[in-house]
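Secondary and tertiary structure notes
What follows is each chain in one-letter form.
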Amino acid sequence: MMVQGAEEEFGTCYSNVHSWIQMIQKRLQATDNIEGSKEALEARLKETEEILTKEAEGRRWLQMVQAKADLILRDKSDDKKHEIHRAMKQIKTMWEDTQTNMVHCHSRIEWVLLHWSEYLKAREDYFSWLINIKQKLDSDLELQLALKEKKLQLNHYEIILSSILNQTPLLERLLQESGSLFAKTVDETLNEEAQQKLKTDHEELELKAKQKVTILEEIVQEHQLYLENCEKFANWLQLMKEKNNCCNMHKKNQDHVDGSLQELRELRDAVMGKEGDLDNLQTRAQAVMQNTSPKGAEDIMRDLDKLRTDWENLRVKCEQDQSTLELQQESTQESQSRVQQLERQVVELLDRLQFLDLEPSAENEPEMMWHECLSSRSSVLEEESRVEELQMKLKDLDRFFQNENLSAKVLNAVQECKRVKSNIMKRCSRLGENLRQGFQKLLKEFDQWRHSARNLLNSLHDETMTRPDLQHIENHLTRSKELQVQLGRLQALEGVTRSIFNSEQTAAFGAELREATWQREFLTHLLMRKKEQIQMRKHDGVNRKFLMKKFETWLKTEDQKLTHILDAKNPLSNNRKESLKKLNCAVPHGQKIFEKLMDIKYAIVNEEKKKLEDLRYRWVLYKTKLRDAAYLQIQAEDAVEVEKCTSRGICHYLSRVCWAALPLQLILLLLLLLAFLLPLTEEQGSCSVVNNLARSFSLMLRYQGPPPT
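Residues numbered from 1 in each chain as written. Predicted model: local features only at pLDDT ≥ 70, side-chain atom pairs only at ≥ 80, totals over all residues. Heavy atoms only, no water.

**Focus on the overall build of the protein chain**
A tally of helices and strands in the protein chain yields 18 helices and 2 strands. Every one of the 709 residues in the protein chain was classed for burial, and the buried ones make up 34%. Counting contacts in the protein chain only where the partners sit at least 6 residues apart, residues at least 24 apart contribute 80% of the total. Carbon and sulfur atoms make up 53% of the accessible area of the protein chain, which totals about 44,800 Å². (Helix = DSSP H or I, 4+ residues; strand = E, 2+ residues; numbered from the N terminus. Buried < 20%, exposed > 50% of the residue type's maximum accessible area, 1.4 Å probe, protein only. Contact = heavy atoms within 4.5 Å. Areas by Shrake-Rupley, 256 points an atom, 1.4 Å probe, with all protein chains shown as cover.)

Here it is as structure tokens:
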């Protein structure tokens, strides 16, 4: 009965869950639609949010059914269990699909509403901009004061037009978004008619802006053209005034009276012919004033009246000057020969000044350029007195006859003399300064070389001088030769220095130059000595390496011979004895090479020092092995003699024991020898070698590392 009741409860619960899920699906089906107005979509979004709140209730229903199913599954057969599992799988799948549809429906409606809100915000911004621009364009064009204000007004409306054109992409985007939303929602507020209205309003606004810009461009162009014509007429008027003044200046000169009179007649005719241009300006001014403010129109009329007044004054003046000049026909001519002579003197003076003003050739030495400059300075000072004579002659001529051309030529000669004098003085000052700087620069370069040479000499030590040091010395010696030539050249320019420096500076400079010359010679001598020392040490180093290589090769060969002899099976053979004898005879030769190697005085680096110590150790070891081999040979021969002279008793037995123990004794002796020859420790912070014959020829202690504490 309990099992049957559980099945009934499971069936009832399963049916309730199934019905509840179907109810949710129907609500989703009724809500899952994005067509309609924005308010309808917002209501559907609210409905989907309420449906989403049912998700927890659905999980509780599913848990309840699962619990009922678990009670039944404990006592049921496999077939019944399979049926219950299939039903649970079906209800779970149904719930999972419903959950997915709930989220999908809510997300789709929410996304469309978000899209719609963004579109409305962008459209609202566009409408705000559209209303603002419409207000600016609906107002009438204000009359401006002058051309500057009109250009500013034109620029203002050009900016408005540019803003309208720049908003066109935004409008197209709005129309695109509106079409996209209309395709999804089918809302009438987004239909094609609404889109076309937006586009039409924008195009009308753009057309109105272009019309106003065109009108303002015509106004500005008209005003600009009027001002250009006024300026052109004013410039022409000023040019005519200058020509009139020029004619009045020349009328005092008898040579130019006829020409001045002809020019005045032509000038008067030209002025009279410009009356038509003034009338045209008057007509243009009326057109410009129609598009100008009242105050601006007053300014235009005032400027035009001033032009007409200036034109009238010039016309009257030309007529008066012409009448005056017609009364003056001839002028007296005095002292013509004196004038011509004075002109020739002026020309000759200018030629001499031109020659003096020539720049010295840059290819010349600075000293030669300096002498040429001093010579030019003396010559130009002499020309000053001749210029004063010309001025006195001109003043005397002016009492009887005024010649402006001649006065201008004399004045030009005076100014040219001053200019040439100024140029020569500046040139002398510049050359003197360049020479002073060159002298000081050379002494400074020498001081740098001296400092570098001293540092190099202080850094060189007899034990550590290397090939790079030799290169540094060579570089300093090369620079020393250059400085020798330059300092010698300075010493030969004693006269030049006197003309550049004062007496006190000349004395100080000479002392400094002599001191530099002496120090260069002294430091060069020291550098040469160091160079010779390095070259000698370099030669010794080459010899040492050659001897080391030679000695190492010889020692290796002899050691191989000794090893081959010791490995022979018969220690008492005559060949072995002869071979040992030959090796012993060669020892003095090897000792002689080794002593030569040790006698070479040369600062060696750590690697060469280690190699030399290794050779010394191998040499001592080789001599020890050779002595031991000879000793063993003698013992073997003595043992044979003893064996011959004694019976085969206990003595024979003892000799055999001693002979068998001899190799062990030799090995122990060799190990003891190695213990004395090898260093006690290899640590860098303690005494690495103590009375070690393999590392030193004298009994001593050597310490490598910081001081012991």
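**Some points on helix α8 (residues 275-290)**
Compared with the 22 Å implied by 1.5 Å per residue over 16 residues, the 24 Å span of α8 between its first and last C-alpha is a close match. Residues of α8 that are buried: L278, L281, A285, V288 and M289. Down the axis of α8, the smallest arc covering the buried residues is 90°, so these residues share one side. Those residues of α8 that are exposed and aimed more than 90 degrees away from the buried face are T283 and Q290. (Expected span 1.5 Å × (residues − 1). Arc of directions from axis to C-beta.)

**Let's talk about the pattern of salt bridges**
Evaluated as defined, the whole model comprises 26 salt bridges. Among the ionic pairs, D269 bridges to R268, the shortest N-O distance being 3.5 Å. Overall, D269 belongs to the partly exposed group, its relative accessible area being 47%. Looking at R268, the relative accessible area reads 28%, which means it is partly exposed. For D447, the salt bridge identified is with R450, shortest N-O distance 2.1 Å. Residue D447 and its partner R450 are both found in helix α12 (residues 404-459); the two are separated by 3 residues, about one turn of the helix. (Salt bridge = Lys/Arg side-chain N within 4 Å of Asp/Glu carboxyl O.)

**As for a nonpolar patch on the surface**
Taken together, the side chains of I667, L668 and L671 define a hydrophobic patch exposed on the protein surface, amounting to about 310 Å² of accessible area. Summarising the element assignment, L671 is placed in helix α18 (residues 650-677). (Patch = residues over 30% accessible without salt bridge, like charges linked within 9 Å, V, L, I, M, F, W, Y side chains within 5 Å.)

**Observations regarding the environment of H18**
Among the structural elements, H18 can be located in helix α1 (residues 2-31). Residue H18 is classed as partly exposed on the basis of its relative accessible area, which comes to 22%. Taking the C-alpha atoms as reference, H18 lies 9.5 Å from W61; in sequence the two are 43 residues apart. Apart from the residues lying within four places of it in its own chain, the contact partners of H18 are I91 and M94.

**Comments concerning the packing of aromatic side chains**
Evaluated as defined, the whole model comprises 12 aromatic pairs. Taking 6.1 Å as the distance between ring centres and 50° as the angle between the ring planes, the aromatic pair formed by Y126 and F127 counts as tilted. Put simply, the rings of F551, W554, F594, W619 and Y622 touch in pairs and so form one group of aromatic residues. The ring of W236 carries the charged tip of K274 above its face, separated from the ring centre by 5.2 Å. (Phe/Tyr/Trp six-rings, centres within 6.5 Å; stacked < 30°, edge-to-face > 60°. Lys NZ or Arg CZ within 6 Å of the ring centre and 35° of its normal.)

**Details of a negative patch on the surface**
Taken together, the side chains of E158, E217, E218 and E222 make up a negatively charged region of the molecular surface. No other element matches the 3 residues that helix α6 (residues 192-250) contributes to the negative patch. Following the sequence through the fold, E222 ends up in helix α6. (Lys, Arg positive; Asp, Glu negative; His and termini not counted. Charge placed at Lys NZ, Arg CZ, Asp CG, Glu CD.)

**What about helix α3 (residues 55-73)?**
Here α3 spans 27 Å end to end across 19 residues, near enough to the 27 Å set by a 1.5 Å rise per residue. Taken residue by residue, α3 has G58, L62, V65, A69, I72 and L73 as its buried positions. Along the axis of α3, the buried residues cluster in a sector spanning 90°; they form a single face. What points out from α3, more than 90 degrees from its buried face, is the exposed set R60 and Q63.

**Things to note about the nonpolar core**
Counting residues in hydrophobic clusters, the biggest one holds 54 residues, and the most contacted among them are F10, I91, L137 and I164. Mapped by element, the contributors of at least two residues to this core are α1, α2 (38-52), α3, α4 (78-138), α5 (147-185) and α6. Here the element with the most residues in this core is α4; it accounts for 18 residues. If we ignore the near neighbours within four places in the chain, the residues touching F10 are V65, K68, A69, I72, I84 and M88. Counting residues in each nonpolar core, the second largest holds 22 residues, with V288, M289, A297 and L307 among its members. (Core = buried A, V, L, I, M, F, W, Y, C linked by side-chain atoms within 4.5 Å.)

**Considerations on the confidence of the model for the protein chain**
For the protein chain, mean pLDDT is 76; residues scoring 70 or higher make up 76% of the total. Looking over the protein chain, one finds the lowest element-wise mean pLDDT in strand β1 (residues 687-690), namely 41, and the highest in α8, namely 87. Confidence drops under pLDDT 50 across residues 329-333; counting only partners more than four residues distant or on other chains, this segment forms 6 contacts. Contacts of residues 679-709 to residues separated by more than four positions or lying in other chains number 47 contacts, the stretch itself having pLDDT below 50. (pLDDT = per-residue confidence, 0-100.)

**Things to note about the environment of A30**
Mapped onto the elements of the fold, A30 is located in helix α1. In sequence terms A30 and E47 are 17 residues apart; their C-alpha atoms lie 9.9 Å from each other.

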